[in-house]
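These are the residues of each chain, in order.
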Amino acid sequence: QQQVKQSPQSLIVQKGGISIINCAYENTAFDYFPWYQQFPGKGPALLIAIRPDVSEKKEGRFTISFNKSAKQFSLHIMDSQPGDSATYFCAASKGGATNKLIFGTGTLLAVQP
Amino acid sequence: DTGVSQDPRHKITKRGQNVTFRCDPISEHNRLYWYRQTLGQGPEFLTYFQNEAQLEKSRLLSDRFSAERPKGSFSTLEIQRTEQGDSAMYLCASSSSTGFRSGANVLTFGAGSRLTVL
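Please read these numbers as outputs of a predicted model, since none were measured by experiment.

Caption draft 1: How the structure looks around the packing of aromatic side chains. Evaluation of the coordinates by the stated rule reveals 19 aromatic pairs over all chains. Ring centres 6.0 Å apart and planes at 70 degrees place the aromatic pair A:Phe103 and B:Phe109 in the edge-to-face group. Of this pair, A:Phe103 sits in strand E10 (residues 102-103) while B:Phe109 sits in strand E10 (residues 108-109), placing the two residues on different chains. Grouping residues by exposure puts A:Phe103 and B:Phe109 together as buried. Directly above the aromatic system of B:Phe74 lies the positively charged group of B:Arg22, at a separation of 3.9 Å from the ring centroid.

Caption draft 2: Broad picture of the sheet that holds strand E8 (residues 75-79) of chain B. Residues and elements named next belong to chain B. Reading across from one edge, E1-E3-E8-E7 is the order of the four strands in this open sheet, with antiparallel pairing throughout. On the outer flanks of this sheet lie strand E1 (5-7) and strand E7 (65-68), each paired with one strand and no other. Adjacent strand axes in the sheet meet at a mean angle of 15 degrees, parallel and antiparallel pairs treated alike. Relative to strand E3 (residues 19-24), E1 runs antiparallel, the two being bridged by three bridges. Bridge pairing in E3 places Asp7 opposite Arg22.

What counts and what doesn't
- Residue positions within a chain follow its written sequence, with the count starting from 1.
- Ligands are numbered from 1 and chains lettered from A, in the order in which they are written.
- In keeping with the predicted nature of the model, local features appear solely for residues at pLDDT of at least 70, side-chain atom pairs appear and are counted solely at 80 or more, and the whole-chain, interface and lining totals rest on all residues.
- The basis for every side-chain value is the complete set of non-hydrogen atoms in the structure, without hydrogens or water.
- Any pair of Phe, Tyr and Trp rings, taking the six-membered ring for Trp, is counted once the centres come within 6.5 Å. Such a pair is stacked with planes under 30 degrees apart, edge-to-face with planes over 60 apart, and tilted for the rest.
- Starting at the N terminus, helices and strands are each numbered in turn, a helix being any DSSP run of H or I of at least four residues and a strand any DSSP run of E of at least two.
- Whether a residue is buried, partly exposed or exposed follows from its accessible area with a 1.4 Å probe, protein chains only, as a fraction of its type maximum: under 20%, in between, or over 50%, in that order.
- Each ring is checked for a lysine NZ or an arginine CZ that lies within 6 Å of its centre and within 35 degrees of its normal; such an atom marks a charge sitting over the ring.
- Being paired, for any two strands, means DSSP has found at least two bridges between them.
- Note on method: axes are straight lines fitted to C-alpha atoms, helices fitted across the in-contact stretch only, with angles between N-to-C directions ranging 0 to 180 degrees.

Written as structure tokens, this is what we have:
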């Protein structure tokens, strides 16, 4: 069962453009929604995260938009740079002892110079 | 602290052999997770430790898999009688349980141990 659905699978954006990656979740008990960035040969690294009590969070060029009623959240990368080329994963977790993350399938972003 | 360390980074083995991976978490982190990542997919949760106690295991973790975290420090993941379907990247992550604003939900991942079963 895919609890977190991510799209698109791949994305090509021109330098300076906006990259948008979308995720949808099913479990209304999820209360933490991070985005991870992974470069080849490396483990995923936390990029930005949001709780469902806010609809948007911005950190530099990265913004999460959250729609609780639609059970959707998205990552926006403004002024995309070639160095942003990586695989991006959305994830979700619910409160409790484990805090295990359920990941989406990933989006391979290529920013062309 | 240099982050989460995993060893070996790459392992090639023949089907039926046993393999063991080691993870050294960030020293002040009491939580440790193992995930498996196959090509083109997101990481899938395998198991979780708080200190030395293994508190949750995924159904993905068959009886050929065993994980330990003696003394609540480093952890090992052993796969017995490996199968070709076990080929994947095995990721270890750690976190602290001391409140969200302190980074409790922030999992710091290692670079992974890539397993190839021939």
